[in-house]
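Read off the chains here:
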Amino acid sequence: MDFTTQLLIAAISAGTPLLLATLGGILTERAGIIQLGAEGLMLMGAVTTCIVYIRSGNLILALLAAVAITALLGMVHSFLTVTLRANQTMSGLAMTLFGSGLSAYLGKSISGIPLPGTSPKLDLGALKSVPVIGDIFGRMDYLTWFSLLLVLVLHLLIHHTSWGLHLRAVGDNPATADVMGIRVQLIRYSYVTAGAALIGLAGADMVLAYAPTWNEGLTAGRGWIAVGLVIFARWNPLRALFCAYFFGALDSLGFRIQLLGSVVPSYFLKMIPYVVTILVLMYLGYRNRNKPSGTPESLGTPYVREQRF
Amino acid sequence: MSPNTGSNSTVLEPSPGKSGKWYSLRLEYDSSRTRSPWWTPVLSVILALLLCAVFIAANGMSPIVVYEKMFRGAFGTSYGFTETMVKAIPLLLCGLGIAVAYRISVWNIGAEGQLTVGAMAATAVTIYFPDLSSFWSITLMLVFGTAAGALWGLMTAVPRTHFGVNELITSLMLNYVALLALDYVVFGPWKDPKGFNFPGSPMFTAAQSLPVLGSTRLHIGLIFGLVAVLIYYLMIKFTRWGYELRLIGANPTAARYAGIHIKKHIIIVMLISGGLAGIAGMAEVSGVTHKLMQGISPGYGYTAIIVAWLAKLNPLGLIVTSILFGGLIVGGYSVQTIGLPSSISEMLQGAILFFLIAGDMIHRFRIRRSA
């Protein structure tokens, strides 16, 4: 296998959790609610998967538990931000702090224990023996295929259905949506909850496909990179796919360079994704300074019926 | 985040249902009630303790035993109390920096990284100028630490003001960069050759260490913190700069029309915010650990966010909450003796923040009887 193929495989494997978390962020923010709790949600998703999988040995049960717990946390976020109209930034931060504390607490007992298995791979049959394509697609597990399918589904949902139209209306102009008879609060609750569950699934994918055991702070800021990716992707699922794989490639590139015997200390290679996140955001900010960035227009503003802003 | 004024009402039971009793009660939202009462922080601490008690009980421990152990460990003995105060110093300095930035809604969550580079810069002084007198080495460490923290803050401020990048993401990314840079120096160029291969810089000399009070570990960094709080109070209350900050905080649109240069203020508050965290880092290496090593901060920068928010950005409140959270960290360590992870204290911190932001909003709702 040549270097490019290896890098592509690594990019997809490292990019899948980023992709799932970014899609979750896009759903949440399209409804007009800022999601800064991604890091905490990913950690909770990861630790729940580990605990349930190790205790029960049932992968499906573990994934369902991870989705359920993070959906519950998503409901807490929507209760605070939609019903109580609390500061969305602070609620997200609280989610991240609580999630990292609780996951460290719950995960203490299973720390370092290897999982009973990884995510199973889809058997492609004859396609597996095709040189490059077989190498890449033959290694993709169910969660990766699911994330690819999800990109397509969300793209169609957001841009080509009336549900998506309602979602965009709620995120851009909730007052008008309300007048049109769209149930703003219900939509916000549903999408924030669904988005949080997807971010939880991203955490589950991290432990299943990427790191085989639980360690405290396992996500190492990938939740925050996903928050940045939502902006790069301009709240668009198709763009999210490319952005997430690009960052997956960066993430694994450092590791690859190290294996090739680079003179640059590994600490600097590990800095690459973080530094590039900042630089790309600065470039996008500079390029789009007089253009619409694609931000849902009411992102961050709580909606109150009968109130003028 | 709440640019609205005046009051309005939300009818929770919009359809005239069959139960006439509920129909006559409605929940009214009054967004003009922005000043939350003094008891919301107290209540949120109590509720957070109750919530976490559930998790502790689920783990098969008695919450009362655990909390008693934490309280005793943090405040019960004179050793515990001085340790609590030692932990309160970086929390006070970082929390103050965060409070200054939050005044004008600049969400700095990078205190952790700013503290780390402050500690690194102070250590650089001990490595490159090893033979200075006590006065000069402490002064130079303080200057370098502050400057490094301020520079790290500037790296968050400039993308925000000139490129429109959300400071939350930038400051957090820079935390990871700072921690990796710390790993690099303690495993690489600054590693103590006589340190038995342990990652860390050589021990500081007595001239490079902050004086301590008596035979305790409490160092004069406490005075840095208290002086900084006093200056903050006086600046906010009595200077033109403080007035402008209060104006931006109250109404950014009005402040812009009044000709206040908001970008300039964002840069200034981030320099102060980072500088204060840098001082905290300098005080931590020079006053407590006496060498640079991994894990120089057990998340002080993140805890300081809650310290600042719980104190409602009030100077006196900052002193109280930083001691409380110092106690929470020390209490977290003390439950390790009964086999529990110290992350209990992190979990409590997150829960406190949840209840606090909920409480700040809940008191704005009033139950009203309507015709």
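Residues numbered from 1 in each chain as written. Chains lettered and ligands numbered in written order. Predicted model: local features only at pLDDT ≥ 70, side-chain atom pairs only at ≥ 80, totals over all residues. Heavy atoms only, no water.

Visitor: I'm lost on the overall build of chain A in this one. Help?
Guide: Scanning chain A for helices and strands turns up 12 helices and zero strands. In terms of overall dimensions, chain A is globule-like: its C-alpha atoms have a radius of gyration of 20 Å, near the 19 Å expected for 309 residues. Taking the principal axes of the C-alpha coordinates as reference, chain A spans close to 60 × 45 × 40 Å. Considering chain A as a whole, with its 309 residues, one finds that 59% of them fall into the buried category. Long-range pairs, those at least 24 residues apart, make up 79% of the contacts in chain A between residues at least 6 apart in sequence. Accessible surface for chain A amounts to roughly 12,700 Å². Of this, 66% is attributable to carbon and sulfur atoms. (Helix = DSSP H or I, 4+ residues; strand = E, 2+ residues; numbered from the N terminus. Rg over C-alpha atoms; globule rule 2.2 N^0.38 Å. Buried < 20%, exposed > 50% of the residue type's maximum accessible area, 1.4 Å probe, protein only. Contact = heavy atoms within 4.5 Å. Areas by Shrake-Rupley, 256 points an atom, 1.4 Å probe, with all protein chains shown as cover.)

Visitor: I would appreciate a short explanation of the overall build of chain B in the present structure.
Guide: From N to C terminus, chain B includes 14 helices and three strands. When burial is assessed residue by residue, chain B has 54% of its 371 residues classed as buried. Per element, the accessible surface of chain B, about 16,500 Å² overall, is 67% carbon and sulfur.

Visitor: What exactly am I supposed to notice about the interface of chain A and chain B here?
Guide: Buried accessible area, meaning the area lost when the parts come together, often serves as the stated size of an interface. With 51 residues of chain A at the interface, the matching set in chain B holds 50 residues. Per-residue buried area on chain A facing chain B is highest for A:Met90, A:Tyr105 and A:Tyr267; these three make up 17% of the total on that side. At the boundary of chain A and chain B, one finds zero salt bridges. Inspection of the region where chain A meets chain B yields two residue pairs in polar contact (both at pLDDT 80 or more). Among the elements that make up the side of chain A that touches chain B, the one with the highest residue count is helix H4 (residues 88-107) of chain A (13 residues). (Buried area = accessible area lost by both parts, 1.4 Å probe. Salt bridge = Lys/Arg side-chain N within 4 Å of Asp/Glu carboxyl O. Polar contact = N/O pair within 3.5 Å; in protein donor to acceptor, adjacent residues only side chain to side chain.)

Visitor: Would you take a moment to explain the environment of B:Gly326 for this structure?
Guide: All names here are of chain B. The residue glycine 326 is located in helix H13 (residues 315-334) in this model. Once the C-alpha coordinates of glycine 326 and isoleucine 89 are considered, the two residues, 237 residues apart in sequence, prove to be 8.3 Å apart. Those residues in contact with glycine 326 that lie beyond four places of it in its chain are Thr84, Lys87, Ala88 and Leu91.

Visitor: I keep staring at empty space enclosed by the protein and nothing clicks. Help me out?
Guide: It is a probe the size of a water molecule, rolled over the atoms, that shows where empty space is left. Residue and element names in this part refer to chain A. Counted under the stated rule, the structure contains one cavity of 30 Å³ or more. Volume-wise, the largest cavity comes out at about 30 Å³. The wall of the largest cavity is formed by Val82, Val184, Gln185, Arg188 and Tyr303. Top contributing element to the lining of the largest cavity by residue count: helix H9 (residues 184-210), with three residues. Partitioned by chemical class, the residues of the lining of the largest cavity number three nonpolar, one polar and one charged. (1 Å grid on protein atoms, 1.4 Å probe; cavity = no way out; pocket = protein on both sides within 12 Å on 5 of 7 lines; lining within 4 Å. Points joined across faces, edges and corners; volume = space filled by probe spheres on them. Nonpolar A, V, L, I, M, F, W, Y, C, P; charged D, E, K, R; others polar.)

Visitor: What is the right way to look at a positive patch on the surface in this model?
Guide: Residue and element names in this part refer to chain A. A surface patch of positive charge is lined by Arg239, Arg287, Arg289 and Lys291. If you trace the backbone, arginine 289 turns up in the segment after helix H12 (266-287). Overall, the relative accessible area of 52% leaves arginine 289 in the exposed class. (Patch = residues over 30% accessible without salt bridge, like charges linked within 9 Å, V, L, I, M, F, W, Y side chains within 5 Å. Lys, Arg positive; Asp, Glu negative; His and termini not counted. Charge placed at Lys NZ, Arg CZ, Asp CG, Glu CD.)

Visitor: So what exactly am I meant to see when it comes to the nonpolar core here?
Guide: Taken as a class, soluble globular proteins show a tendency for nonpolar side chains to be buried jointly. Counting 204 residues, the largest nonpolar core has A:Leu23, A:Met90, A:Trp224, B:Tyr102, B:Leu292 and B:Ile344 as its most contacted members. The residues contacting B:Leu292, other than those within four sequence positions of it, are B:Ala119, B:Met120, B:Thr123, B:Leu182, B:Val185, B:Val186, B:Trp190, B:Gly200, B:Ser201, B:Phe204 and B:Val285. (Core = buried A, V, L, I, M, F, W, Y, C linked by side-chain atoms within 4.5 Å.)

Visitor: How should unusual backbone geometry be read in this particular structure?
Guide: Both trends apply: most residues other than glycine have a negative phi, and most peptide bonds are in trans. In the Ramachandran plot, A:Arg85 falls in the positive-phi region, its phi being about 60 degrees despite a non-glycine side chain. Residue placement: A:Arg85 occurs in the loop between helix H3 (59-83) and H4. With relative accessibility at 6%, the residue A:Arg85 sits in the buried group. Backbone geometry at B:Leu313 places phi at a positive 60 degrees, although glycine is not the residue there. Within the secondary structure, B:Leu313 is located in the loop between helix H12 (300-310) and H13. What makes B:Leu313 buried here is its relative accessible area of 15%.

Visitor: Explanation requested: the pattern of salt bridges in the structure shown.
Guide: In a structure, side chains of opposite charge can pair up when their charged atoms sit close to one another. Residue and element names in this part refer to chain A. Applying the stated rule across the entire model yields five salt bridges over all chains. Between arginine 222 and aspartate 251 there is a salt bridge; the shortest N-O distance is 3.0 Å. Residue arginine 222 is located in helix H10 (residues 222-232), and its partner aspartate 251 is located in helix H11 (residues 237-259); the two are separated by 29 residues in the primary sequence. Comparing arginine 222 with aspartate 251 shows no difference in burial state: the two are buried.

Visitor: Is there a simple way to explain the packing of aromatic side chains in this structure?
Guide: Any pair of aromatic rings gets described here by the distance separating the centres and the angle formed by the planes. Here the structure, examined in full by the defined rule, presents 16 aromatic pairs over all chains. Measuring from ring centre to ring centre gives 6.0 Å for B:Tyr102 and B:Trp309, while their planes differ by 75 degrees; the resulting arrangement is edge-to-face. Of this pair, B:Tyr102 sits in helix H4 (residues 78-102) while B:Trp309 is found in helix H12, placing the two residues 207 residues apart along the sequence. For the pair B:Tyr102 and B:Trp309, a shared accessibility class is recorded, and that class is buried. Ring geometry for B:Phe135 against B:Trp136: centres 5.3 Å apart, planes inclined by 80 degrees, an arrangement best described as edge-to-face. Chaining the aromatic ring pairs together yields one cluster made of A:Tyr267, A:Phe268, B:Tyr184 and B:Phe187. (Phe/Tyr/Trp six-rings, centres within 6.5 Å; stacked < 30°, edge-to-face > 60°.)

Visitor: Help me understand the packing of H4(B) against helix H11 (residues 262-289) of chain B, please; the structure alone is not making it clear to me.
Guide: In a pair of packed helices, the angle between the axes and the distance between the axes together describe the arrangement. Residues and elements named next belong to chain B. Between H4 and H11, the shortest axis-to-axis distance is 7 Å and the interhelical angle comes to 170 degrees. Between H4 and H11, the angle falls in the class roughly antiparallel. In this structure, H4 contributes Val86, Pro90, Leu93, Cys94, Leu96, Gly97, Ile98, Val100 and Ala101 to the contact, and H11 contributes Val269, Ile272, Ser273, Leu276, Ala277, Ile279, Ala280, Glu284 and Val288. The residue makeup of the contact of H4 with H11, split by class, is 15 nonpolar, two polar and one charged. (Axes fitted to C-alpha atoms, helices over the stretch in contact; angles between N-to-C directions. Parallel < 35°, antiparallel > 145°, perpendicular 65-115°, else oblique.)

Visitor: Would you mind showing me how to read the UniProt feature "transmembrane region" (unreviewed entry) in chain A here?
Guide: Residues and elements named next belong to chain A. Those residues carrying the UniProt feature "transmembrane region" (unreviewed entry) are residues 7-27, 33-54, 61-80, 142-158, 189-211, 223-247 and 267-286 in this numbering. Helix makes up 100% of residues 61-80 and strand 0%, whereas the separation of the span's terminal C-alpha atoms amounts to 29 Å. What you have in residues 223-247 is 84% helix and 0% strand, and the ends, taken at the C-alpha atoms, are 12 Å apart. (UniProt positions renumbered as here; feature names shortened; annotations may be inferred.)

Visitor: Could you clarify how one ought to interpret the confidence of the model for chain A in this entry?
Guide: Predicted coordinates in regions of low pLDDT should not be interpreted in detail. For chain A, mean pLDDT is 86; residues scoring 70 or higher make up 94% of the total. In the model of chain A, helix H5 (residues 131-138) of chain A stands out as the element of lowest mean pLDDT, 71, in contrast to H3(A), which has the highest, 93. (pLDDT = per-residue confidence, 0-100.)

Visitor: What should I look at first to understand H11(B) in this one?
Guide: For an α-helix the count is 3.6 residues per turn, leaving residues at separations of three or four pointing the same way. Between its terminal C-alpha atoms H11(B) stretches 39 Å, which fits the 40 Å expected from 28 residues at 1.5 Å a residue. Of all 28 residues that make up H11(B), 22 are buried, and the element is covered over most of its length. (Expected span 1.5 Å × (residues − 1).)

Visitor: Is there a simple way to think about the confidence of the model for chain B in this case?
Guide: Residues and elements named next belong to chain B. Per-residue pLDDT for chain B has a mean of 85; in total, 89% of the residues score no lower than 70. For residues 1-19, every residue scores under 50 in pLDDT, and the model assigns this stretch 32 contacts once sequence neighbours within four places are set aside. Scored as a whole, the predicted complex attains pTM 0.86, and scored at its interfaces, ipTM 0.84.

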